[in-house]
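Structure assessment
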Number of protein chains: 2
Amino acid sequence: MKIYRVRPGAKVKLSDYSADGEAELLGDKDRSVVQLDRLKEDLRQLQRMLYAERRHRLLIVLQGMDGSGKDGTVRSVFSGIDPHGLRVVSFKSPTPEELAHDFLWRVHKEAPARGELVVFNRSHYEDVIAVNVKNLAPRPVWEKRYEHILNFEKLLVDEGATVLKFFLHITRDEQRRRLQARLENPEKHWKFNPEDLADRRLWPQFSNAYEEVLGRTSTEAAPWYVVPANRKWYRNAVIASIVRDTLLRLELKFPAPAWDLSGVTVE
Amino acid sequence: MKIYRVRPGAKVKLSDYSADGEAELLGDKDRSVVQLDRLKEDLRQLQRMLYAERRHRLLIVLQGMDGSGKDGTVRSVFSGIDPHGLRVVSFKSPTPEELAHDFLWRVHKEAPARGELVVFNRSHYEDVIAVNVKNLAPRPVWEKRYEHILNFEKLLVDEGATVLKFFLHITRDEQRRRLQARLENPEKHWKFNPEDLADRRLWPQFSNAYEEVLGRTSTEAAPWYVVPANRKWYRNAVIASIVRDTLLRLELKFPAPAWDLSGVTVE
């Protein structure tokens, strides 16, 4: 599969990345749905070992424009694995208590423990993206955050975590279709927020902010992946296979018993 | 289906409850697996509304002897639903910080928020069961906890939560088979704890403690169900259908938009 990983220090132009993906590499949709089922079964098995072994920690960060499919990714890729070792954290607008602390305070609290797979649906990256685009703070305030984000993620990795960051890449046209679908489907009305329309008008500014983030914060230890996300099945297959391959490289195993079980019988 | 609900104030004898269930009521195993898939699909749909509506809270308490299938229930019944609104809390031996507080302190923190479905894998009931059977505190200490448990659950319900409590009922013979399987399967060694064998010798004492708990803490608002759990597929179907029926009674719906969407278009 084509590598969607952002080279550290790269000058990222999102227009260089396809939002559609390359169908010939993943096969067609029908094949891909079968493939996703197989990938999800792999994930299920690998996560059981991750949880049993309690040695590694896995953090997955999902970012992307409104409608890029963060919620759908969680539902499609991560449902089905044992809910015991899985935690999804949706970062919303900070509460007054959270705002009374530094921007990483609420994030650090949610970092994965040994054996956990934690998915951040939005993350500390909003503090250099939304804050930038919407002028919630002047540049000198959030400019310094880049350094702290890099230091924070290095801390997690040095202490044994694995960090994967996915940018769900859709086109502006695809966003229109998806926001329109939220208007037309009563089951999706609750997801519609007029603020999304205001944000949509800031598409070029958001794109610029993401390009800056992707180039400056993709590291060997905590890489960014630009995931073609115009087609949901393609996005799911890409993410599931990167997570699967990452877990495989951890050489997880069911732990040996902490005591000698020989001769033990249950009466 | 037979009602497994414990009448408030009942004098419970576990030997009056079948651990095998009644096959003729649920059909055979093959039919039941199909039925479970259908129940899980219902749960998936209902939980989406629960999460979208953010009006109700659902707390599910799982208790039972070692090997009774608490972990398996979580994996079999609750995997597959959207991980966003689902949280599983496994209560282990309390940490020093937890022990420095009252026994409900760590429990209250984990109560469901609006829109959440939270599963307690073990719970505050260990503080009147394990503590009783293993003499971790004298009776006057934990005897008073009954009142506090009832008050606590009433608080949750009065403030809008729905509480379901499941006792997974297996026989002593079935426990032997399951603990033995943990010894024989290297993938299950990590779940084997020699302390389980010591607890197994206290089977009658645990049974007595559970009988006391079931009779004294099953209330209209927060009922206990004695679930036949010798057969995993039967246990799963019973729990899934009680949860499904409970969610149906909440009359969940996708919320209306908080603003007027008429005439709104996405440009």
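Structural data are supplied above this passage.
Residues numbered from 1 in each chain as written. Chains lettered and ligands numbered in written order. Predicted model: local features only at pLDDT ≥ 70, side-chain atom pairs only at ≥ 80, totals over all residues. Heavy atoms only, no water.

1. A short note on the overall build of chain A
- A count of helical and extended segments in chain A gives 12 helices and five strands.
- Over its C-alpha trace chain A gives a radius of gyration of 20 Å, about what one expects of a compact globule, namely 18 Å for 267 residues.
- Overall size of chain A, expressed as C-alpha extent along the three principal axes, is 70 × 45 × 40 Å.
- Within chain A, buried positions represent 54% of all 267 residues.
- At a minimum sequence separation of 6, the contacts of chain A that also span at least 24 residues come to 83%. (Helix = DSSP H or I, 4+ residues; strand = E, 2+ residues; numbered from the N terminus. Rg over C-alpha atoms; globule rule 2.2 N^0.38 Å. Buried < 20%, exposed > 50% of the residue type's maximum accessible area, 1.4 Å probe, protein only. Contact = heavy atoms within 4.5 Å.)

2. Comments concerning the side chain of B:Arg182
- Examined against the element boundaries, B:Arg182 turns out to sit in helix H9 (residues 172-184).
- Excluding residues within four positions of it along the chain, B:Arg182 makes contact with B:Gly67, B:Lys188, B:His189, B:Lys191, B:Phe192 and B:Asp196.

3. Focus on the packing of aromatic side chains
Residue and element names in this part refer to chain A.
- Using the criterion set out here, one finds 12 aromatic pairs over all chains in the structure.
- Between Phe166 and Tyr225, the aromatic rings sit 5.5 Å apart at their centres with planes inclined by 35°, giving tilted as the arrangement. Note that Phe166 is positioned in strand E4 (residues 161-169) and Tyr225 in strand E5 (residues 224-228), a separation of 59 residues in sequence. (Phe/Tyr/Trp six-rings, centres within 6.5 Å; stacked < 30°, edge-to-face > 60°.)

4. A look at the pairing of strand E1 (residues 57-64) of chain A
All names here are of chain A.
- Summarising burial for E1: eight of the eight residues are buried, a large majority.
- Both faces of E1 are covered, namely the face carrying Arg57, Leu59, Val61 and Gln63 and the face carrying Leu58, Ile60, Leu62 and Gly64.
- Sheet topology note: the E1/E4 ladder contains eight bridges and is parallel. By the bridge assignment for E4, Leu59 is matched with Val163.
- Pairing between E1 and strand E3 (residues 117-121): five bridges, direction parallel. (Pairing = 2+ DSSP bridges.)

5. Looking at the relation of the copies chain A and chain B
- Its rotation angle being 180°, the transformation that places chain A on chain B also includes 0.0 Å of axial translation and leaves an RMSD of 0.0 Å. What we have between these two chains is a two-fold relation. Closest approach to the rotation axis among the C-alpha atoms of chain A is made by A:Gly80, whose C-alpha sits 2.1 Å away.
- Of all interface residues in chain A, 100% are interface residues in chain B too; the two copies therefore contact each other through one and the same surface. (Least-squares fit on C-alpha atoms with pLDDT ≥ 70 in both.)

6. Digging into the sheet that holds strand E2 (residues 86-90) of chain B
Residues and elements named next belong to chain B.
- Strand order in the open sheet formed by five strands is E2-E3-E1-E4-E5, and the pairing between neighbours is parallel. The open sheet terminates on both sides in strands that have one partner only, identified here as E2 and strand E5 (224-228). If you compare each strand with its neighbour and ignore which way they point, the axes differ by 20° on average. (Axes fitted to C-alpha atoms, helices over the stretch in contact; angles between N-to-C directions.)

7. Let's talk about the sheet that holds E1(A)
Residue and element names in this part refer to chain A.
- Read across the open sheet, the five strands follow the order E2-E3-E1-E4-E5; overall the sheet is parallel. Two strands in the sheet have a free side with no partner beyond their single neighbour: strand E2 (86-90) and E5. Direction aside, neighbouring strands of the sheet carry axes that sit 20° apart on average.
- Strand contacts of helix H3 (residues 70-78): E1, E2, E3 and E4, with the helix running at about 140° to E1, the strand carrying the most contacts.

None of the figures reported here should be taken as evidence of function without further support.
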